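Chain and residue survey
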Amino acid sequence: MLELIEVTKVYVQGRRTVPAVQGVSLTVRPGEFVTIMGPSGSGKSTLMHLMGALDTPTRGRALFHGQDLQAMSDRQRSLLRRERIGFVFQAFNLLPTLTAAENVALPLLLAGRNRRQALQRAGECLEQVGLSHRADHFPDELSGGEMQRVAVARAIVADPEAVLCDEPTGNLDSQTSREILTLLSRLPEPARRAVVMVTHDPTAAAYGTRLVRLRDGRIESDHPVPKSSVPC
Ligand code: ADP
Ligand code: ADP
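Below or above, wherever it landed, is the structure these notes cover.

About the cut-offs
Residues numbered from 1 in each chain as written. Chains lettered and ligands numbered in written order. Predicted model: local features only at pLDDT ≥ 70, side-chain atom pairs only at ≥ 80, totals over all residues. Heavy atoms only, no water. Near = heavy atom within 4 Å. Polar contact = N/O pair within 3.5 Å; in protein donor to acceptor, adjacent residues only side chain to side chain. Areas by Shrake-Rupley, 256 points an atom, 1.4 Å probe, with all protein chains shown as cover. Helix = DSSP H or I, 4+ residues; strand = E, 2+ residues; numbered from the N terminus. Phe/Tyr/Trp six-rings, centres within 6.5 Å; stacked < 30°, edge-to-face > 60°. Buried < 20%, exposed > 50% of the residue type's maximum accessible area, 1.4 Å probe, protein only. Nonpolar A, V, L, I, M, F, W, Y, C, P; charged D, E, K, R; others polar. Axes fitted to C-alpha atoms, helices over the stretch in contact; angles between N-to-C directions. Parallel < 35°, antiparallel > 145°, perpendicular 65-115°, else oblique. Left-handed = near helix turned anticlockwise from the far one by under 90°. Contact = heavy atoms within 4.5 Å. Pairing = 2+ DSSP bridges.

What follows deals with the site of ligand 1. Taken together, the neighbourhood of ligand 1 is formed by Y11, Q13, V18, A20, P39, S40, G41, S42, G43, K44, S45 and T46. Between ligand 1 and G43, the relevant distance is 3.0 Å, taken from an oxygen atom to a main-chain nitrogen or oxygen of the residue. Protein chains bury 65% of the 560 Å² of accessible surface belonging to ligand 1 in isolation. Breaking the shell around ligand 1 down by element, the ones donating at least two residues are strand 1 (2-13), strand 2 (16-28) and helix 1 (44-51).

Written out as structure tokens, the structure reads:
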């Protein structure tokens, strides 16, 4: 469903060009939970932005369900990000003036859904992440782990086919990280949804179904992760 074919991304910084990703081919299938690891500067975030239609390749093609992202208009890419791809970030990115339920409902409200329906769906998603009792709380009344649960609920509110996570446990202690990783590991759906996560956390890969290592903008290794490898 997410497919990169011989993708290269070159950034231009003044007179210098920085090859962030070089000739990468990667296919993510429904049901997978792909962990992407690699040293700082190895191209992880760039790869995620290319898969999430946040950026377009310099060379090669990025496809979503066979559709070339570069051939879409900005508006089509924006709709795709809003309705079919969910994002989770290290910094949670919640709006401080909205309650947890309103933060979760926001993507649906922006898409024009009515407030009652949007809040009802937000309630279902908060329940899914175990946070129904915090629905009316504001972000500054929540712990880091709770804020990230709200962000996960927001990422799935439109029932997207892909959930892309950029260092989702980067601001969390190890116990809370495990809880968030467990939550993320339940999101892939066999014939429908995949999760891709960029992380520095060496324990995180055990929660995924596949581990891709990047080095200098290239794929260094790409292996399935055995199911039983999550530490108790
Ligand atoms: P990672 O996520 O693995 O740390 P990135 O994808 O952020 O790696 O960066 C890969 C390379 O591309 C780095 O050398 C980085 O400095 C460069 N880079 C990333 N984004 C930009 C940008 N917007 N402009 C210029 N260079 C960038
Ligand atoms: P619009 O163009 O409709 O205002 P955007 O395209 O900016 O909306 O954003 C659509 C979705 O993509 C957002 O809900 C957000 O989750 C994600 N997004 C936007 N910008 C970024 C970014 N810089 N990094 C990661 N995700 C982003």
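There is more to say, and it comes next.
Applying the stated rule across the entire model yields 1 aromatic pair. Between F87 and F89 the ring centres are 6.2 Å apart and the planes differ by 0 degrees, which places this aromatic pair in the stacked class. Accessibility expressed as a relative area gives 15% for F87, which makes it buried.

A few words now on the site of ligand 2. Around ligand 2, the surrounding shell consists of L54, S78, R81, R82, F87 and F89. In this structure, an oxygen atom belonging to ligand 2 sits 2.7 Å away from a side-chain N or O atom of S78. Contacts to ligand 2 include R81, whose side-chain N or O atom sits 2.3 Å from an oxygen atom. Its free accessible area being 550 Å², ligand 2 has 49% of it covered by the protein chains. A per-element tally of the shell around ligand 2 places helix 2 (residues 74-83) first, with 3 residues. Tallied by class, the residues present in the shell around ligand 2 amount to 3 nonpolar, 1 polar and 2 charged.

Another aspect to go through is the packing of helix 3 (residues 100-110) against helix 5 (residues 144-156). Closest axis-to-axis distance for the helix 3/helix 5 pair is 7 Å, and the angle between their directions is 30 degrees. Considering their axes alone, helix 3 and helix 5 lie roughly parallel with respect to each other. The chirality of how helix 3 crosses helix 5 is right-handed. In contact with A100, N103, V104 and P107 of helix 3, helix 5 contributes V150, A153 and R154. Looking at the contact of helix 3 with helix 5, its residues break down into 5 nonpolar, 1 polar and 1 charged.

Below, the discussion takes up the packing of helix 4 (residues 115-128) against helix 5. Across the interface, helix 4 lies against helix 5 with an axial gap of 9 Å and an inter-helix angle of 130 degrees. With respect to each other, helix 4 and helix 5 are oriented oblique. Note on packing geometry: the crossing formed by helix 4 with helix 5 is right-handed. Facing helix 4, whose interface residues are R121, C125, L126 and Q128, helix 5 presents V150, A153 and I156. Of the residues contributing to the contact of helix 4 with helix 5, the split by class is 5 nonpolar, 1 polar and 1 charged.

Read across the open sheet, the 6 strands follow the order 6-7-8-3-9-10; overall the sheet is mixed. Every interior strand has two partners, whereas the edge strands, strand 6 (85-89) and strand 10 (218-224), have only one. Averaged over all adjacent pairs, the angle separating strand axes in this sheet is 15 degrees, with direction ignored. By the bridge criterion, 6 bridges tie strand 9 (residues 210-215) to strand 10 in an arrangement that is antiparallel. Residue pairing across strands places R213 opposite S221, the latter belonging to strand 10.

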